[in-house]
Amino acid sequence: MRKIFDAIFSHTETSLAVVIVIVVMVFSFSSPYFLTLSNAADLIEAYSVTTILAAGVFVVLVSGGIDISFAAVASVTQYIAAMVAVKYGAPALPAIALACALGALLGCVNALLTYYLNVVSIIVTIATSSIFYALLIYFTGGSEIYNLPDWWTDRVVFFRLETATGDIARVTLPMVIMAAVVTITHILMSRTHAGRQIYALGGNPEAASRVGIRILRLQLLIYGYLGFLAGLAGFVQAHRVHQVVPTAMFGTELSVLAVAILGGASLVGGLGSMGGVVLGVLLLAILQNGLNLLGVSPYFFDVVIGLAILISISVTSLTERRMRGQRRLVGAAT
Amino acid sequence: MNSSEQPRISAITTPLDHMVTALRAGAGTNLTGLLLLLLALFSVFSVLLPVTFLQPGTMQSMMFQLPELGLLSLAMAIPLVSGGLNLAIIATANQAALLMAWILTTQMPPDATGGEVWLWIAIAFVAGFILCLFIGLITGFIVAVVGVHPILVTLGTQTLIGGFSIWLTRGQTLSGFPDALIRVSNETIAGIPISFGIFVIVALGVHILLTRTVLGIHIHMIGSNLESTRFSGVNTRRVQIWVYVLSSLLCWLAAILMMARFNSAGADIAQSYLLITILAAILGGIDPYGGFGRVTGLVAALLILQTISSGFNLLGFSQHLTLALWGFTLVAVMATKRLTGVFVARYRSR
């Protein structure tokens, strides 16, 4: 029994999966609406922006950095793309490309500062996030953009399914983009040369540079990729809420970071998988949705997230340490 | 650690002595540079604003605005020096303020007068103190026992504490505190606001604690290397618990000043301060990896930020531009450090 417990809880992915299965079972017994296709589809769409951002943050975390400027980057790119689209009537593809390119550029600014100033990226990104965000609010005066063009706000449905009970489940644009981002990030991190190098950099930066990994180029890729995804997430967010509000994304930094960490990405770098991050998002999404359906006050939700984070890190860390302790002599135990 | 390991401590006396000397001499800070920057900012604003800037009124308003951010930055600085981070400071301060506000607005009889009001204020303060002590103990316990990076733990406690505050208040703010509390917080002694006086005394206390006490030295040591500190016979878990208790108690002081100045308490107040406290600490030369940093540097950084803010305000610039300039200042200071570091290294290698 204990062996099974250890086997499950020493890996973040398996422990998350087990917890998710238990939670899903509890909720589907208590609410008939929970395990329906339309509810699942709505849930996935609601968490698409978080997942896209978490994928980028995951890459940065694996490399041993912490970036918290992505919300500011998403707000800036979203606003500029919306301005270009509204004022100059830019069509869909150029506007999206502009948002993503601008995001990647701002991400590269983070990478360059981190590399040349030789400081941890969390500090650089605290500074740049203040700068990006403050300049955005200063130049826009905090005003919203409501009259987005139709191509931006129209719902794109790829697939529509009517169940026997009359519920409608749709596969929409945010879900498709999210799925693409998750797949590409997974392939990038587990199947490519660059992905292996990112794990190596996070595992041991000194060793990584000794074996000839070009740190600057890799960091440009890492932070540029997060910036690119931030641009994309900004676009999707505006697509979902039909307006651009400069302050809408602000304050989401820590919750996205929390999701990535819940999914097993380590702050020290070198660890984690895209699948784990997706499971982390899934767990939070299911908890929120299930509690909603049970009639628990939405005000209570942060308490649940906080407990989920604390319990998850405690269980994972304590199990891991106990397993290490069995293999080693009783060393570090004080 | 058991007593049989005590003699080992003598073996590390020499490096420890070095560390203590280095701490007292101010190693690892750039105080001169920061003071020069502060002086430069003062000169620039005095030239740009000859009539309004160097006035007692301006100085006084700066002293009114500084203490909250100052106390919160100290609450962030202690964990940073220990190699950690406390992301829950704002949530802790808000919850303490809410508890104190709840006692003062709903539990205190509205017809209370004179001494009775002061008794209730004292009860509220004690309740807030106990709450922050409790939060600090729990946070420190999880950090010490679970052994996860404090960013993770405090990310969790921040969400949890903030969640409880929002759940219990339904997002409402509480206001309408006794006049006595408001009056004292707006009082000045010889032109110096009481809140600023409190900040100076606390900053001095934290400075002495970090540099002249055994606990302070231990906090620096675990920030440099937790494992080797443990192997040199220090009860590192106790030190870590102290770090988060002290940090949370500083949040309690900040909570009192905040609720008195805003005359309200809420779950979502002052969220933007969180990153600014880290910005101030790093600007003040506190090593984000832990182990180094001094309160003097932090105070200089706070004065720089406040000078920029007040100067920009008088020049009629928006607050957002101030935030942008704070970000630029941090980048510029890091760049200067890097450049002087490269320069010194080249000079020495000759």
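Residues numbered from 1 in each chain as written. Chains lettered and ligands numbered in written order. Predicted model: local features only at pLDDT ≥ 70, side-chain atom pairs only at ≥ 80, totals over all residues.

> Provide a residue-level description of the overall build of chain B, including the pertinent values.
Across its full length, chain B holds 15 helices and 4 strands. Over its C-alpha atoms chain B spans a radius of gyration of 21 Å, differing by no more than 12% from the 20 Å that the globule rule assigns to 350 residues. Expressed as a percentage of its 350 residues, the buried residues of chain B come to 47%. A fraction of 80% describes how many contacts in chain B between residues 6 or more apart in sequence connect residues 24 or more apart. (Helix = DSSP H or I, 4+ residues; strand = E, 2+ residues; numbered from the N terminus. Rg over C-alpha atoms; globule rule 2.2 N^0.38 Å. Buried ≥ 20, exposed ≤ 12 C-beta atoms within 10 Å, placed from the backbone. Contact = placed C-beta atoms within 7 Å.)

> Tell me what's going on with the overall build of chain A, and back it up with residues and numbers.
Of the regular secondary structure elements, chain A holds 15 helices and 2 strands. For chain A, whose C-alpha radius of gyration is 21 Å, the value lies close to the compact-globule estimate of 20 Å for 334 residues. When contacts within chain A are restricted to residue pairs at least 6 apart in sequence, those whose partners lie at least 24 apart make up 76%.

> Give a detailed account of the interface of chain A and chain B, specifying residues and quantitative values.
The interface of chain A with chain B comprises 37 residues on the first partner and 42 residues on the second. Elements with a contribution of two residues or more to the side of chain A that touches chain B: helix H6 (92–117), helix H7 (121–140), helix H13 (253–262) and helix H15 (301–327) of chain A. Per-class residue counts for the side of chain A that touches chain B are 26 nonpolar, 9 polar and 2 charged. (Nonpolar A, V, L, I, M, F, W, Y, C, P; charged D, E, K, R; others polar.)

> Break down the environment of Ile-123 of chain B for me, citing the residues and quoting the values.
Inspection of the secondary structure assignment puts Ile-123 of chain B in helix H6 (residues 114–146). As a C-alpha pair, Ile-123 of chain B and Ile-103 of chain B span 20 residues in sequence and 8.1 Å in three-dimensional space.

> Help me get a handle on the packing of helix H2 (residues 12–30) of chain A against helix H14 (residues 274–293) of chain A, residues and values and all.
Residue and element names in this part refer to chain A. Relative to each other, H2 and H14 sit at 20°, their axes nearing to 9 Å. In terms of axis orientation, H2 runs roughly parallel to H14. Both H2 and H14 take part in a crossing whose hand is left-handed. Residues Thr-12, Glu-13, Leu-16, Ala-17, Val-19, Ile-20, Val-23, Val-24 and Phe-27 of H2 lie in contact with H14, whose contacting residues are Gly-275, Gly-276, Leu-279, Gly-280, Leu-282, Leu-283, Ile-286, Leu-287 and Gly-290. (Axes fitted to C-alpha atoms, helices over the stretch in contact; angles between N-to-C directions. Parallel < 35°, antiparallel > 145°, perpendicular 65-115°, else oblique. Left-handed = near helix turned anticlockwise from the far one by under 90°.)

> Help me get a handle on the environment of Trp-167 of chain B, residues and values and all.
With respect to the helices and strands, Trp-167 of chain B occurs in helix H7 (residues 150–169). Look at Trp-167 of chain B and you get partly exposed, because 19 C-beta atoms sit within 10 Å. Taking C-alpha positions, Trp-167 of chain B is 9.2 Å from Ala-267 of chain B, a pair spaced 100 residues apart along the chain. Those residues in contact with Trp-167 of chain B, other than ones at most four positions away along the chain, are Ser-297, Tyr-299, Phe-300 and Val-303 of chain A.

> Pulling in residues and values, what's your account of unusual backbone geometry?
With phi around 65°, His-242 of chain A is a residue other than glycine that occupies positive phi space. Its place among the elements puts His-242 of chain A in the loop between helix H12 (215–241) and H13. A positive phi is found at Asn-263 of chain B, a non-glycine position, where the angle reads about 55°. Inspection of the secondary structure puts Asn-263 of chain B in the loop between helix H12 (236–262) and strand E4 (264–265).

> Any chance you could break down the confidence of the model for chain B for me, citing the residues and the numbers?
All names here are of chain B. Across chain B, pLDDT averages 81, with 90% of residues at or above 70. In the predicted structure, residues 1–13 sits below a pLDDT of 50 and forms 10 contacts with residues beyond four places in sequence or in another chain. Contacts from residues 24–29, a stretch scored under 50 in pLDDT, to residues over four places away or in other chains number 11 contacts. Complex prediction metrics read pTM 0.83 and ipTM 0.79. (pLDDT = per-residue confidence, 0-100.)

> Now, about the pairing of strand E1 (residues 157–162) of chain A: what can you tell me, with residues and values included?
Residue and element names in this part refer to chain A. Little of E1 is tucked away, with 0 of its 6 residues classed as buried. Looking at chain direction, E1 and strand E2 (residues 168–172) are connected through 5 bridges and run antiparallel. When the bridges of E2 are listed, Phe-159 appears paired with Val-171. (Pairing = 2+ DSSP bridges.)

> Describe the environment of Leu-188 of chain A, listing the residues and the values that go with them.
Residues and elements named next belong to chain A. Topologically, Leu-188 is positioned in helix H9 (residues 173–191). Look at Leu-188 and you get partly exposed, because 17 C-beta atoms sit within 10 Å. Sequence spacing of Leu-188 and Met-274 is 86 residues, and the spatial spacing of their C-alpha atoms is 10.0 Å. Once residues within four sequence positions are removed from consideration, Leu-188 is found in contact with Ala-194 and Gly-195.

> Any details on helix H3 (residues 31–48) of chain B? Residues and values, ideally.
Residues and elements named next belong to chain B. Its 18 residues give H3 an end-to-end C-alpha distance of 26 Å, which sits within 8% of 26 Å, the value for a rise of 1.5 Å per residue. Looking at H3, one finds that the buried residues are Leu-34, Leu-37 and Phe-45. Relative to the axis of H3, the buried residues are bounded by an arc of 65° and lie together on one face. Within H3, the exposed residues directed more than 90 degrees away from the buried face are Thr-32, Leu-36, Leu-39, Ala-40, Ser-43 and Val-47. Elements in contact with the buried residues of H3: helix H14 (295–315). (Expected span 1.5 Å × (residues − 1). Arc of directions from axis to C-beta.)

> Outline the confidence of the model for chain A, supporting the account with residue identities and numerical values.
All names here are of chain A. In the predicted model, chain A carries a mean pLDDT of 84, and the fraction of residues at 70 or more is 93%. Between the elements of chain A, mean pLDDT differs from a low of 70, seen in helix H1 (residues 2–9), to a high of 93, seen in H12. Note that residues 328–334 has pLDDT below 50 and, in this model, 5 contacts with residues that lie over four places away or in other chains.

> For helix H10 (residues 193–203) of chain A, give the residues involved together with the corresponding values.
If you check which residues of H10 of chain A are buried, you get Gln-197, Ile-198, Ala-200, Leu-201 and Gly-202 of chain A. Against the buried residues of H10 of chain A lie helix H4 (48–62), H9, helix H11 (205–210) and H12 of chain A.

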